[in-house]
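Chain and residue survey
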There are 2 protein chains.
Amino acid sequence: MAGREAVSVTAPLYQLKAEFFRTLGHPVRIRVLELLSQREHAVAELLPQVGVEPAHLSQQLAVLRRANLVVGRKEGSSVRYSLTSPHITGLLTVARTILTGVLTGQAELLQDLRAVAPETGPPPHQPHQPRQPQPS
Amino acid sequence: MAGREAVSVTAPLYQLKAEFFRTLGHPVRIRVLELLSQREHAVAELLPQVGVEPAHLSQQLAVLRRANLVVGRKEGSSVRYSLTSPHITGLLTVARTILTGVLTGQAELLQDLRAVAPETGPPPHQPHQPRQPQPS
DNA sequence: TTACCAATTGCAAACATTAGCAACTGAAGG
DNA sequence: CCTTCAGTTGCTAATGTTTGCAATTGGTAA
């Protein structure tokens, strides 16, 4: 039990931020948070959407619970999960915006590479113009 | 055969998002991004601020470079780094907001635990009062 | 009661990341 | 030339995370 302290009052803020982002750094957990951004979901509803076996989903839900990003509420024989903060939805949106930019940058880089003709002169290296669109 | 389909030919979006967040999930990298949020910094300027040995910082900068979150520009014998997107600054801000809420929630939980006298009644569970600003 | 279903937990193997050290490149100065 | 400084890269032991399986809990129905 050494590594993870439940609530460290003294941990530096950037350490906490890193742990926070690390919590988001898993496909299943992202998927869950996106689904919960739309509305509350029972585990049985999440299961087919994320396509992993129940035990695995439960583990990842536990991670999100420990990080206080979601809460589970028992209802009959099932458990319904929801976000603890609406800001999380915003965070995912901003992340997508950045990701779009990053991918655009990489696409441009690819194009630059492709623009270099096999045996002709040196790479032109166009001066970099940012992009407009943001698809889903 | 219907059912679990990988959704996209290329990497699914939530996979990319997870990788993106994982990139942020390290104290040194967070520290660097925060410093670069203020202004451009040379590696030699970052070094004393983050307090790790040069090789380690270089590795973490390489991670951020590969993720296309920062760019390095050689200037004389030093390298100056800057963010590729101003949105990153916003992301860190939103993250702090969420983190503040999360920590507030945990603090309340601690207080609840503390409020339970050794042999007296059940935990009172106060109804949730929103937060107070917090320093960087 | 027993059986079943939804969800969770514990554990160990497979996997990925981190951090420290030595070696290397490239530029500036003697 | 040689030396030094700023950064980077390669390698590897230590560490942390993921994930599949078995066992478990708690609720519901027969």
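Residues numbered from 1 in each chain as written. Chains lettered and ligands numbered in written order. Predicted model: local features only at pLDDT ≥ 70, side-chain atom pairs only at ≥ 80, totals over all residues. Heavy atoms only, no water.

1. With respect to the overall build of chain A
What chain A contains, in helices and strands, is five helices and three strands. Seen in sequence order, chain A has helices and strands lined up from the N terminus as α-α-β-α-α-β-β-α. Per-residue burial for chain A yields a buried fraction of 34% across its 136 residues. Of the roughly 8700 Å² of accessible surface on chain A, a fraction of 54% belongs to carbon and sulfur atoms. (Helix = DSSP H or I, 4+ residues; strand = E, 2+ residues; numbered from the N terminus. Buried < 20%, exposed > 50% of the residue type's maximum accessible area, 1.4 Å probe, protein only. Areas by Shrake-Rupley, 256 points an atom, 1.4 Å probe, with all protein chains shown as cover.)

2. Re the protein's contact with DNA strand D
Inspection of the region around DNA strand D gives 24 residues, with A:His26, A:His56, A:Gln59, B:Ser58 and B:Tyr81 positioned closest. Of all atoms in DNA strand D that approach within 4 Å of the protein, 70% are sugar or phosphate atoms. Between a phosphate oxygen of DNA strand D and a main-chain N or O atom of B:Val43, the distance comes to 3.5 Å. Within the backbone of B:Ala44, an N or O atom sits 3.0 Å from a phosphate oxygen of DNA strand D. Elements that contribute at least two residues to the surface near DNA strand D include exactly helix H4 (54–66) of chain A together with helix H3 (43–50), helix H4 (54–66) and strand E3 (78–83) of chain B. Among the elements that line the surface near DNA strand D, the one with the most residues is H4(B), at six residues. A per-class count over the surface near DNA strand D returns eight nonpolar, nine polar and seven charged. (Near = heavy atom within 4 Å. Polar contact = N/O pair within 3.5 Å; in protein donor to acceptor, adjacent residues only side chain to side chain. Nonpolar A, V, L, I, M, F, W, Y, C, P; charged D, E, K, R; others polar.)

3. Some points on the environment of B:Val94
Within the secondary structure layout, B:Val94 lies in helix H5 (residues 87–115). Residue classification places B:Val94 among the partly exposed residues on the basis of a relative accessible area of 21%. Setting aside its immediate chain neighbours within four residues, B:Val94 contacts A:His87 and A:Leu91. (Contact = heavy atoms within 4.5 Å.)

4. Observations concerning the confidence of the model for chain A
Residues and elements named next belong to chain A. Per-chain confidence: chain A averages 82 in pLDDT, with 73% of residues scoring 70 or above. In the predicted structure, residues 1–8 sits below a pLDDT of 50 and forms three contacts with residues beyond four places in sequence or in another chain. Below a pLDDT of 50 lies the segment residues 119–136, which in the model reaches eleven contacts outside its immediate sequence neighbourhood of four places, other chains included. (pLDDT = per-residue confidence, 0-100.)

5. A short note on the nonpolar core
Ranked by size, the top nonpolar core spans 58 residues in total, and within it A:Phe21, A:Leu69, B:Phe21 and B:Leu69 carry the most contacts. Setting aside residues up to four positions removed in sequence, A:Phe21 forms contacts with B:Phe21, B:Leu24, B:Gly25, B:Ile30, B:Leu91, B:Leu92 and B:Ala95. (Core = buried A, V, L, I, M, F, W, Y, C linked by side-chain atoms within 4.5 Å.)

6. Details of the relation of the copies chain B and chain A
Between the two copies, chain B and chain A, the superposition gives an RMSD of 0.1 Å; the rotation angle is 180 degrees and the shift along the axis is 0.0 Å. Accordingly, the operation relating the two chain copies is best matched by a two-fold axis. The overlap is high: 92% of the interface residues of chain B also sit at the interface in chain A, so the same surface is used on both sides. (Least-squares fit on C-alpha atoms with pLDDT ≥ 70 in both.)

7. Here we look at the sheet that holds strand E1 (residues 41–42) of chain B
Residue and element names in this part refer to chain B. With respect to topology, three strands assemble into an open sheet ordered E1-E3-E2, the strand pairing being antiparallel. Strands with a single pairing partner mark the edges of an open sheet, and in this sheet they are E1 and strand E2 (70–75). Of the pairings in the sheet, the one linking E1 to E3 comprises two bridges and is antiparallel in character. Considered in E3, the bridge of Ala 42 is made with Arg 80. Helix-sheet contacts for helix H2 (residues 27–38) involve E1, E2 and E3, and the interaxial angle to E3 is about 85 degrees. (Pairing = 2+ DSSP bridges. Axes fitted to C-alpha atoms, helices over the stretch in contact; angles between N-to-C directions.)

8. Focus: the protein's contact with DNA strand C
In the vicinity of DNA strand C there are 20 residues, among which A:Ala44, A:Ser58, A:Tyr81, B:His26 and B:His56 approach most closely. If you look at DNA strand C and keep only atoms within 4 Å of the protein, 73% of those are sugar or phosphate atoms. The set of elements that each furnish at least two residues to the surface near DNA strand C consists of helix H3 (43–50), H4 and strand E3 (78–83) of chain A together with H4 of chain B. Sort the elements by how many residues they give to the surface near DNA strand C and H4(A) lands first, with six residues. Its residues placed into classes, the surface near DNA strand C shows eight nonpolar, eight polar and four charged.

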